[in-house]
Amino acid sequence: MSSKKVRSQRRPPSGKSLAAVPDSSLERMIGLLDLFDGGAYCWTVEQMHERFGYTRSTLYRYLKVLSDAELLTSLPEAGYVLGPRIVELDYEIRQHDPL
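Residues numbered from 1 in each chain as written. Predicted model: local features only at pLDDT ≥ 70, side-chain atom pairs only at ≥ 80, totals over all residues. Heavy atoms only, no water.

On to the overall build of the protein. Across its full length, the protein carries four helices and two strands. Secondary structure elements in the protein, listed N-terminal to C-terminal, are α-α-α-β-β-α. The buried share of the protein, reckoned over its 99 residues, is 28%. For the protein, long-range pairs separated by at least 24 residues make up 40% of all intrachain contacts whose partners lie at least 6 apart in sequence. Carbon and sulfur atoms provide 56% of the accessible area of the protein, an area that totals close to 7,200 Å². (Helix = DSSP H or I, 4+ residues; strand = E, 2+ residues; numbered from the N terminus. Buried < 20%, exposed > 50% of the residue type's maximum accessible area, 1.4 Å probe, protein only. Contact = heavy atoms within 4.5 Å. Areas by Shrake-Rupley, 256 points an atom, 1.4 Å probe, with all protein chains shown as cover.)

Structure below.
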């Protein structure tokens, strides 16, 4: 019996091949943040579920971690948007940019 890891059959974010589908939870959570790359600014759980194919329990766990870190914020009846920590990090980058 092989101990080789088997990738689950989930869809990658648009424009990426299946080989680029992340394996670790951290990579998957970063992938959730990548949803906010200039296109839609608000994503529902259903939209994220359809995009990534993660189980709902896994998706909610990732969203809780990102929300607790204030990287995402949940808006009732709307979905998830980038959280205030993103603005704080952007400010720090701009303040300490050597250019």
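A word on the packing of aromatic side chains. Within the structure shown, the criterion is met by two aromatic pairs. Seen from their ring centres, Phe52 and Tyr54 are 5.2 Å apart, and the 15° between their planes marks the pair as stacked. In this structure, Phe52 and Tyr54 share a single accessibility class: buried. Where Tyr54 meets Tyr62, the ring centres are 5.8 Å apart and the plane angle is 85°; that geometry is what we call edge-to-face. (Phe/Tyr/Trp six-rings, centres within 6.5 Å; stacked < 30°, edge-to-face > 60°.)

Right, let's get into the pairing of strand E2 (residues 79–82). The sheet contact formed by strand E1 (residues 72–75) and E2 spans four bridges and is antiparallel. Pairing of Thr73 across the sheet is with Val81, part of E2. Linking E1 back to E2 in an antiparallel pair, the connection comprises three residues, with Glu77 at a positive phi of about 65°. (Pairing = 2+ DSSP bridges.)

Moving on, we get to the environment of Phe52. Mapped onto the secondary structure, Phe52 falls in helix H2 (residues 45–52). Accessibility expressed as a relative area gives 2% for Phe52, which makes it buried. With 24 residues separating them along the chain, Phe52 and Arg28 place their C-alpha atoms 9.0 Å apart.

Further remarks concern unusual backbone geometry. Only a minority of non-glycine residues have a phi that is not negative, and only a minority of peptide bonds are not trans. Phi is positive for Glu70, close to 60°, though the residue is something other than glycine. Position of Glu70 relative to the elements: it lies in the loop between helix H3 (56–68) and E1.

Turning next to the environment of Phe36. Summarising the element assignment, Phe36 is placed in the loop between helix H1 (25–34) and H2. Setting aside residues up to four positions removed in sequence, Phe36 forms contacts with Tyr41, Cys42, Trp43, Leu72, Tyr80, Val81 and Leu82.

A separate point is the confidence of the model for the protein. When pLDDT is averaged along the protein, the result is 83; 78% of the residues meet or exceed 70. The low-confidence segment residues 1–13, where pLDDT is below 50, has 23 contacts with residues more than four positions distant or belonging to other chains. (pLDDT = per-residue confidence, 0-100.)

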